[in-house]
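Fold and geometry: a report
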Amino acid sequence: EGQRVMNQPILGSSVADLASTIRKWNGIMLLATNTPDALWNTPVGKSLWSTTPLKAFLKLEEAQAKEAALALKMPVPVAATLSQLPKWTVLMRLWNDEWTTVRAEVPPDEAALYKTRG
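Residue numbering note: each chain is counted from 1, following its sequence as written. Given that this is a predicted model, residues contribute local features only at a pLDDT of at least 70 and side-chain atom pairs are listed and counted only at 80 or more, while totals for whole chains, interfaces and linings are drawn from all residues. To obtain the side-chain values, all non-hydrogen atoms of the structure were included, while hydrogens and water were left out.

Moving on to the nonpolar core. Throughout this description, the term nonpolar core refers to a set of buried Ala, Val, Leu, Ile, Met, Phe, Trp, Tyr and Cys residues connected via side-chain atoms within 4.5 Å. Partly exposed residues are those whose accessible area sits between 20% and 50% of the maximum for their type, while under 20% is buried and over 50% is exposed, using a 1.4 Å probe and protein chains only. Counting residues in each nonpolar core, the largest one holds 22 residues, and the members touching the most others are Phe57, Leu72, Met74, Leu82 and Leu91. Strands are runs of DSSP state E lasting at least two residues, helices are runs of H or I lasting at least four, and both sets are numbered from the N terminus onward. Of all the secondary-structure elements, those providing two or more residues to this core are helix H2 (9–24), helix H3 (38–41), helix H4 (43–51), helix H5 (62–71) and helix H6 (76–81). Filtering out sequence-adjacent residues up to four positions away, Leu82 remains in contact with Phe57, Leu58, Lys59, Leu60, Ala65, Ala68, Met74 and Leu91. Residue contacts are counted whenever heavy atoms from the two residues lie within 4.5 Å of one another.

Here it is, written out as structure tokens:
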């Protein structure tokens, strides 16, 4: 629920500071959001986007994909995949604005730990 964190002035800036510190230590921090517009509509989101070398997107609804492509200046072929990603596929933004897709596979016993809905 990163979109909720990014909108909170104290907690949001603390998360951005933590992400920056973790990056300096070559660590990884995961922050997920259901609504990606918080990445470009909030100061915290902008900070996270600019200081995070790896970004991952799951399939987005068509309107969200268009908004993300415009706001994040995605290349046209990359933007076209956002609403068409197959199940278990993640769109990754790597360093130097390189994009690729990867297949996400979680073992069934581990997936059971994350299941939140019927």
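In the predicted model, the protein chain carries a mean pLDDT of 87, and the fraction of residues at 70 or more is 98%. When mean pLDDT is taken per element in the protein chain, strand E3 (residues 99–103) scores highest with 92 and helix H7 (residues 108–114) scores lowest with 85. Confidence of the predictor at the level of single residues is given by pLDDT, which spans 0 to 100.

Another point: the packing of aromatic side chains. Two rings from Phe, Tyr or Trp (for Trp, the six-membered ring) form a pair when their centres are within 6.5 Å of each other. A pair whose planes differ by under 30 degrees is stacked, one over 60 is edge-to-face, and the rest are tilted. This structure, assessed with the given rule, holds 2 aromatic pairs. Where Trp49 meets Phe57, the ring centres are 6.1 Å apart and the plane angle is 55°; that geometry is what we call tilted. Note on Phe57 and Trp99: the rings are 6.2 Å apart at their centroids and 35° apart in plane angle, and the pair reads as tilted. Taken together, the positions of Phe57 in strand E1 (residues 55–57) and Trp99 in strand E3 put the pair 42 residues apart, joining distant regions of the chain. Of the residues examined, Trp99 reaches a relative accessible area of 17% and is grouped as buried. Three or more aromatic residues joined by ring pairs form one cluster here, namely Trp49, Phe57 and Trp99. Look at NZ for Lys and CZ for Arg. If either is within 6 Å of the ring centre and within 35 degrees of the ring normal, a charge sits over the ring. Just above the ring of Trp49 sits the side chain of Lys55; from NZ or CZ to the centre is 4.6 Å.

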